[in-house]
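Chain residues, written in single-letter form:
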Amino acid sequence: MLSQICGWHGYAEPTFATSAPCIASNCYYLLTQVIYDARVPWCKRYHFIADRLRAVKQDLIIQQPSVFESISILEPMVRFYFLAEYWGKREDDPTGLKQEIQQRSEFVPVLNQQQLEECLKYLLSLYDEVGDFFAFPARPQMEALYQLQYLGETEALRRGVALPQNPSQDLRFALKMSLEWYNKKYSSVIRYSKHLTAFLRMAFSFNLPKIRRYALEVMNTAYSNKNPNLNSHYPLDHFTKLLNFRNPSEASRLCEIYEVMVCKNKVMFLKKKFMAVDFDVDSVLGVDNGDEYVDESLKDYKLCNLLINYLDDAYTTDLCRDIDALSIC
């Protein structure tokens, strides 16, 4: 069956085309079986699945199956790319085990991000083609992911405010967060993020680096004083909670990168000392921007439930296997 997963083989004849049920079956097989194959490291499984999903997307474009069939295939693909982005640059994996540095370096965030954006926008265009917002149970989640992916951007906000009222808490808070970030209210954005379910908080975590940098720059200006003896000393513990760091040591390392002094558990702001950097701060800090709540929640859920069935509260099915089976060799 793996030989069929590649989908499109370059044949122009319709008789060689992959049918919509076969495309769906391939996608389902990848995200419920191949993803758990512990015989190979996670990085190799990711590349195998990502390569086949690109072929699946190409099949959808070429074959033009019904909108409903295409949507049912694209939804789990979008979730897979978000999940891969969350774990791709980290030192651990969904099982809590360590990976080799060489394996981690094989993940290319830019390519994953490109596929994520293409699939997400394609999916939203199909939703718009159907028109009925309530025709697809997963649509509120996908709309919320779009808001978090393009947090604070005008185009995303215009789409969000045009949506009909929906009881989905995730979508309501994602839209609030996007609007708050548009107004650069960083504390409200982080506060609202704690109301999201695990999958949406995972997607939001990609925004944390830029939000933290902006917040630190604003606070460094606001709390600064020309007289060194009158500088405001901001409690490090409060600063850690405000910007959603895992612990004070991570908050301290971020301050050090921007040359903001931390002394005796106090952040000492001084405007002229702030240094803008143009390199990857996360790689220097070793900060993974993960969320402890997300990490623990993902271990409780069945991974393929999250990817295939849109069951954020599902814990057991006979078909699915525990996320702990997603071992890294």
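Look up a bit, the structure's there.
Within every chain, residues take consecutive numbers counted from 1 along the sequence as written. Given that this is a predicted model, residues contribute local features only at a pLDDT of at least 70 and side-chain atom pairs are listed and counted only at 80 or more, while totals for whole chains, interfaces and linings are drawn from all residues. To obtain the side-chain values, all non-hydrogen atoms of the structure were included, while hydrogens and water were left out.

Novice: Could you give an account of the side chain of Gln113, naming the residues involved and the relevant values?
Specialist: Going along the chain from the N terminus, every DSSP run of H or I of four or more residues is numbered as a helix, and every run of E of two or more is numbered as a strand. Tracing the sequence through the fold places Gln113 in helix α6 (residues 109–130). Residue Gln113 is classed as buried on the basis of its relative accessible area, which comes to 18%. Residues are treated as being in contact if the distance between any of their heavy atoms lies within 4.5 Å. If we skip the residues at most four places from it in the chain, Gln113 touches Glu85 and Gln149. Each residue is assigned to one of three classes by its accessible area relative to the maximum for its type, calculated with a 1.4 Å probe on protein chains only: buried under 20%, partly exposed between the two thresholds, exposed over 50%.

Novice: For the packing of aromatic side chains, give the residues involved together with the corresponding values.
Specialist: Any two rings among Phe, Tyr and Trp, with Trp reduced to its six-membered ring, count as a pair given centres within 6.5 Å; such a pair is stacked if its planes are under 30 degrees apart, edge-to-face if over 60, and tilted if neither. Inspection of every chain in the model, using the stated rule, returns 14 aromatic pairs. Judged by centre distance (5.6 Å) and plane angle (85°), the ring pair of Trp181 and Tyr214 falls under edge-to-face. Highlighted residues: Trp181 in helix α9 (residues 169–182) and Tyr214 in helix α12 (residues 208–222), separated in sequence by 33 residues. According to the relative accessible area criterion, Trp181 is buried, its value standing at 6%. Residue Tyr214 is classed as partly exposed on the basis of its relative accessible area, which comes to 27%. Geometrically, the ring pair formed by Tyr234 and Phe269 is edge-to-face, given 6.3 Å between the ring centres and 65° between the ring planes. On the criterion of sequence distance, the pair formed by Tyr234 in strand β1 (residues 233–235) and Phe269 in the loop between β3 (266–268) and α15 (281–285) is long-range, its members being 35 residues apart.

Novice: Give me helix α7 (residues 139–149): which residues, what numbers.
Specialist: In terms of burial, α7 is a largely internal element, eleven of the eleven residues being buried. Residues of α7 that are buried: Arg139, Pro140, Gln141, Met142, Glu143, Ala144, Leu145, Tyr146, Gln147, Leu148 and Gln149. Looking at the packing, one finds that the buried side of α7 touches α4 (67–88), α6, α8 (154–162), α9 and α11 (198–204).

Novice: Please give an account of the environment of Lys121 that cites residues and values.
Specialist: Within the secondary structure layout, Lys121 lies in helix α6. Using a relative accessible area of 46% as the deciding quantity, one classes Lys121 as partly exposed. Measuring from C-alpha to C-alpha, the distance between Lys121 and Met142 comes to 10.0 Å, with 21 residues separating the pair along the chain.

Novice: Give a detailed account of a nonpolar patch on the surface, specifying residues and quantitative values.
Specialist: Every patch collects residues that have over 30% relative accessible area and no salt bridge, joining them within 9 Å if they carry like charges and within 5 Å if they are nonpolar side chains (Val, Leu, Ile, Met, Phe, Trp, Tyr). The Shrake-Rupley method, run with a 1.4 Å probe sphere, supplies the accessible areas, and residue values consider only the shown protein chains as cover. Salt bridges are defined as contacts in which a side-chain nitrogen from Lys or Arg sits within 4 Å of a carboxyl oxygen from Asp or Glu. Residues Val108, Val110 and Leu111 make up a contiguous nonpolar surface patch of about 260 Å² in total accessible area. On the secondary structure map, Leu111 appears in helix α6.

Novice: Report on the sheet that holds β3, specifying residues and quantitative values.
Specialist: A pair of strands is considered paired only if DSSP assigns at least 2 bridges between the two. Pairing within the open sheet is antiparallel, and its three strands lie in the order β1-β3-β2. Because the sheet does not close on itself, it has two edges, and the strands there are β1 and β2 (261–263). Each adjacent strand pair in this sheet contributes to an overall mean axis angle of 35°, direction not counted. Between N-to-C directions, angles span 0 to 180 degrees; the directions come from axes that are lines fitted to C-alpha atoms, helices contributing only their stretch in contact.

Novice: Hey, could you go over the environment of Val260 for me, with residue numbers and the actual values?
Specialist: As for its position among the elements, Val260 is in the loop between α14 (248–257) and β2. Under the relative-accessibility criterion, Val260 is labelled buried at 2%. C-alpha separation for the pair Val260 and Leu270, spaced ten residues apart in sequence, amounts to 7.2 Å.

Novice: Talk me through the side chain of Arg139; I want residue IDs and the actual numbers.
Specialist: Checked against the element boundaries, Arg139 lands in helix α7. Apart from the residues lying within four places of it in its own chain, the contact partners of Arg139 are Tyr127, Asp128, Gly131, Asp132, Phe133, Arg159 and Leu163.

Novice: Tell me what's going on with the nonpolar core, and back it up with residues and numbers.
Specialist: Note on terminology: a nonpolar core comprises buried Ala, Val, Leu, Ile, Met, Phe, Trp, Tyr and Cys residues joined through side-chain atoms within 4.5 Å. The biggest cluster of nonpolar side chains holds 82 residues, and the ones touching the most others in it are Phe80, Leu148, Phe204 and Phe239. In terms of residue count, the dominant contributor to this core is α4 (13 residues). In contact with Phe239, other than residues within four places in its own chain, are Leu216, Met219, Tyr234, Phe245, Ala251, Cys255, Val267 and Phe269.

Novice: For unusual backbone geometry, give the residues involved together with the corresponding values.
Specialist: You will see that Lys184, though not glycine, has its phi angle at about 60°, which is positive. Structurally, the position occupied by Lys184 is in the loop between α9 and α10 (186–193). Given a relative accessible area of 34%, Lys184 falls into the partly exposed group. Positive phi is not limited to glycine here, since Asn244 has a value of about 60°. Here Asn244 lies in the loop between α13 (236–242) and α14.

Read these as geometric descriptors, not functional statements.
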